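# Summary of the model geometry
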Amino acid sequence: MQTAKSKDLKDKANRAMGISKEDALLTKSYIFVAFMAILLGGILGLVQGLNRAGLLELPSWVNYYQVLTAHGLLLVVVLTAFFTIGYFYAGMSHTLGGLLPKVRTMAWIGFGLKIIGFVLAVIPIIMGDASVMYTFYPPMAAAPMFYIGLALIVVGVWMCAFGAFIQVANWRKNHKGQHVPILSYFATGVFVLLFFGSVPVAVEVIVMIIPWSFGWVETINVMVARTLFWAFGHTLVNIWYLTAVSAWYVIVPKIIGGRRWSDTLTRVVIIALVVMNITGGFHHQIVDPGISPSVKFMHVFMSLAIGFPSLMTAWAMFAVFEKTARKQGGKGLIGWYKKMPWGDVRFLAPMIAMIAFIPAGAGGIAQSTNQLDQVVHNTMWIVGHFHLTLGMSVVMTFFGISYWLVPYISKRVLTPQINRLGVIQTWIWTIGMIFMSGSMHAVGLLGSPRRTSFTTYGDNATALSWNPYLLCLAVGGTLLIIGVLLQVYAVINMMFFAPKGETEFPIAEEEENATKTPYWTERWGMWIVIMLLVVAMAYVIPLSEFIVNAPPGSPPFKTW
Amino acid sequence: MKMHLDEKIWLTLSFGMIMIFMFITGYQAFAYDMEPPSNKDIIDPQKVDQTAPFDKPGITKIGENEYEVVMTLQVFSFNPGNIEVPAGSTVHFTLTSKDVVHGFEVAETNLNAMVMPGHVQKITQKFDKPGTYLVLCNEYCGAGHQMMSTTITVK
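These lines cover the structure that appears in this document, whether it is placed above or below. (Residues numbered from 1 in each chain as written. Chains lettered and ligands numbered in written order. Predicted model: local features only at pLDDT ≥ 70, side-chain atom pairs only at ≥ 80, totals over all residues. Heavy atoms only, no water.)

What follows deals with the overall build of chain A. What chain A contains, in helices and strands, is 17 helices and zero strands. Taking 560 residues into account, the globule formula puts the C-alpha radius of gyration at 24 Å, and chain A, at 23 Å, falls close to it. The dimensions of chain A, computed from C-alpha atoms along their principal axes, are 70 × 50 × 45 Å. With 560 residues in all, chain A has 64% of them scored as buried. Of all intrachain contacts in chain A linking residues separated by at least 6 positions in sequence, the fraction that spans at least 24 positions is 86%. Carbon together with sulfur atoms contributes 71% to the accessible area of chain A, which is approximately 20,200 Å² in total. Positive and negative charge centroids in chain A, built from 36 and 22 side chains respectively, lie 9 Å apart. (Helix = DSSP H or I, 4+ residues; strand = E, 2+ residues; numbered from the N terminus. Rg over C-alpha atoms; globule rule 2.2 N^0.38 Å. Buried < 20%, exposed > 50% of the residue type's maximum accessible area, 1.4 Å probe, protein only. Contact = heavy atoms within 4.5 Å. Areas by Shrake-Rupley, 256 points an atom, 1.4 Å probe, with all protein chains shown as cover. Lys, Arg positive; Asp, Glu negative; His and termini not counted. Charge placed at Lys NZ, Arg CZ, Asp CG, Glu CD.)

Our focus in this paragraph is helix α14 (residues 416-445) of chain A. In this model, α14 of chain A (30 residues) spans 43 Å end to end at C-alpha, consistent with the 44 Å of a helix rising 1.5 Å per residue. Phi turns positive, to about 115°, at Gly 447 of chain A, one or two residues after α14 of chain A. (Expected span 1.5 Å × (residues − 1).)

Membership of the largest hydrophobic core comes to 234 residues, with the highest contact counts inside it found for Tyr 89, Phe 146 and Phe 191 of chain A together with Phe 104 of chain B. A per-element tally of this core places helix α7 (residues 222-255) of chain A first, with 24 residues. One finds Val 300, Leu 304 and Leu 311 of chain A together with Met 22 of chain B within the second-largest nonpolar core, a separate group that totals six residues. (Core = buried A, V, L, I, M, F, W, Y, C linked by side-chain atoms within 4.5 Å.)

Moving on, we get to empty space enclosed by the protein. Residue and element names in this part refer to chain A. Across all of its chains, the model carries five cavities of 30 Å³ or more by this definition. Quantified by volume, the largest cavity comes out at close to 230 Å³. As for the largest cavity, its lining consists of 18 residues, and the residues nearest its centre are Val 77, Ile 153, Val 154, Phe 232 and Leu 236. Counting only elements with at least two residues in the lining of the largest cavity, the list comes to α3 (64-95), α5 (144-174), α6 (182-214) and α7. A total of five residues in the lining of the largest cavity trace back to one element, the largest contributor, which is α3. Here the lining of the largest cavity is composed, by residue class, of 16 nonpolar, two polar and no charged. (1 Å grid on protein atoms, 1.4 Å probe; cavity = no way out; pocket = protein on both sides within 12 Å on 5 of 7 lines; lining within 4 Å. Points joined across faces, edges and corners; volume = space filled by probe spheres on them. Nonpolar A, V, L, I, M, F, W, Y, C, P; charged D, E, K, R; others polar.)

A cis amide bond links Ala 52 of chain B with the next residue in sequence, Pro 53 of chain B, at an omega value of 0°. Its location among the elements puts Pro 53 of chain B in the loop between α1 (5-31) and β1 (58-63). Going from Val 75 of chain B to Phe 76 of chain B, the amide bond is cis rather than trans, its omega being -15°. With respect to the secondary-structure elements, Phe 76 of chain B resides in the loop between β2 (66-74) and β3 (77-79). The phi dihedral of Arg 451 of chain A is positive, around 50°, even though this residue is not glycine. The residue Arg 451 of chain A is located in the loop between α14 and α15 (461-464) in this model. Phi angles above zero are rare outside glycine, and Glu 108 of chain B is one such case at about 70°. With respect to the helices and strands, the residue Glu 108 of chain B is situated in the loop between β6 (102-106) and β7 (112-115).

Bringing a nonpolar patch on the surface into the picture now. All names here are of chain B. Together, Ile 20, Phe 23, Ile 24, Tyr 27, Tyr 32 and Met 34 give the surface a local cluster of nonpolar side chains, amounting to about 660 Å² of exposed area. Relative to the helices and strands, Phe 23 is located in helix α1. Accessibility expressed as a relative area gives 57% for Phe 23, which makes it exposed. (Patch = residues over 30% accessible without salt bridge, like charges linked within 9 Å, V, L, I, M, F, W, Y side chains within 5 Å. Salt bridge = Lys/Arg side-chain N within 4 Å of Asp/Glu carboxyl O.)

The subject of this paragraph is the side chain of Asp 373 of chain A. Residue and element names in this part refer to chain A. Structurally, Asp 373 can be placed in helix α12 (residues 370-376). Buried within the structure, Asp 373 lacks any salt-bridge partner; Lys 296 is the closest side chain of opposite charge, at an N-O distance of 8.3 Å. Here Asp 373 is in contact with His 283, Ile 286, Val 287, Ala 366 and Gln 367, once residues within four sequence places are set aside.

Before going further, it helps to examine the packing of aromatic side chains. The full count for this structure, using the stated rule, is 49 aromatic pairs over all chains. On the numbers, 5.6 Å between centres and 85° between planes, the contact of Phe 297 of chain A with Phe 30 of chain B is edge-to-face. Here Phe 297 of chain A is found in helix α9 (residues 293-305), whereas its partner Phe 30 of chain B is found in helix α1 on a different chain. The partly exposed category is assigned to Phe 297 of chain A, whose relative accessible area is 22%. You can call Phe 30 of chain B partly exposed: its relative accessible area is 41%. Among the aromatic side chains, those forming a connected cluster through ring pairs are Phe 35, Phe 83, Tyr 87, Phe 88, Trp 240, Phe 398, Phe 399 and Trp 429 of chain A. The ring of Phe 82 of chain A carries Lys 114 of chain A above its face, with NZ or CZ at 5.0 Å from the centroid. (Phe/Tyr/Trp six-rings, centres within 6.5 Å; stacked < 30°, edge-to-face > 60°. Lys NZ or Arg CZ within 6 Å of the ring centre and 35° of its normal.)

Okay, here's the thing in structure tokens:
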């Protein structure tokens, strides 16, 4: 009774005051940068798609691989970090009663470090000194400035992670024995992963690559560097995924007028994803030399395990949809779907994103098993897979979030016109992705490699047979850039031009008769220890083998 | 934790599905010898040309319908290239890189392996169907990456 009352009071206070100006400005800046990254990265993506299909000859002053490096960095590093942090900081501000001034300062310092880091990384890319891709595998060596930029981005992300830990710890101190509100609980999981997941890449860049690229040490251990990279690389993509999942569990049920599915299940899914994530990156090394088959098999197990919480999510989401729709009069085995608000972009975009995760997740399971991975490794199939998972499941959820988050932080409203634009945008994006990702999957199975500019390998018959698929890919890419332009227009409109007004931060309540969530879900210290044990189990053997049984190292090469 | 019966069924099925995946993968790998390429020999990447067997890259017949190919990968070529073998032969590839990371992929087969500097990679394939197979590098290795290819002709 009392908690209901205080909750009611808090809701009223939030409605009356909304987000504080300072917190709103922070999130607005992060979201703005994220969407500028989508715009630039999207344009570069189109350039690549057209080139890959043989439709566009690049001018002599720009190299395909330069464009590809910038595209990857803008979308995989800038967009993710800025959107995730902007969104969760707004979520923490909303559910934990405003950000502490100290935490806000930390997030701004992080913002500055990341921007400086990004500029430092981009200059050598533009100068043609860092065409090394998002994965920057040694012994290909970029200019040292590129790596210093990356290191600053990581430190910037750490500032935000520590800020979030301080914010949550402060709330817990003042609310002894209570559960952290669910969105902030998601934020905790995401920032734990952001911190621990980026430690390996920080070690790789700061300890190994920077001294080597300056020439202070002559050679580098390529397998150790590569292994440390993937401990981070795959965790990063799963951090986006966990961010999208938070909207599926918490936001979408509220938008359709329903309630959240089991709070315990939600928290268990978060814990599971955090504990098992970092080791998932090893499946990128299934066809690498130097690792015994038994270690690889253990990693198949560890990668597949991540599928389990996702399958739990699939259940929970469709259960919420069905329950809500039936309450609103939906009938029949599947007839209830007609009761869903298909015309509301805040629902439509994340809903299609979730549906896309069914084939996307299945593809993920396929490539984390030894023999199937060998068929598709480093082919366009992989590119198709992550455009389906990230470009569709994750980014489309981010788009859906933007239609209430941007008006919320700007103290404006989502107009019916922008909603309609959003619905059109969602369908264009969906069709574009089906074309692009579909043809990527198909042509990859036939053997077309990824990260390769247009080539027919001297008019080889096999390579020529891939061309129709690549044309199809370009058609998809063209539709996607239209989607990007519409989306960026909508965000700018909602941020600066839409009518003033109050927009709600949609957080679904628990079911009325929900069982109490056990308190062990709050013991993050324990979960982090377990996570570190899992990481140790996965990486101690291969890393020590690479170090003990190390070949003489490699000097730097500039091959572009 | 209170759970619906159908939720329990779903979770059991999900868990079972993943276990089946695991079982099949493990069975194929260890019972049928379908392990992914995982050779553990090492080499000095700066002395590939002086180290046996890579001092003499080439193709050797080692048995009835059985060949060994010792190959170096470097920007942006495969040495030796344009390999020819009779239909039905089993080919054992021994690969290493003289510079950066390369991929060794033969389109329309399951031949696919990473070739890292400092490591010797091994992979075997039986070529039954006659034809010209496209060999390409599928790990970005520099400005001429798209030109790095050769062929295996099966007669």
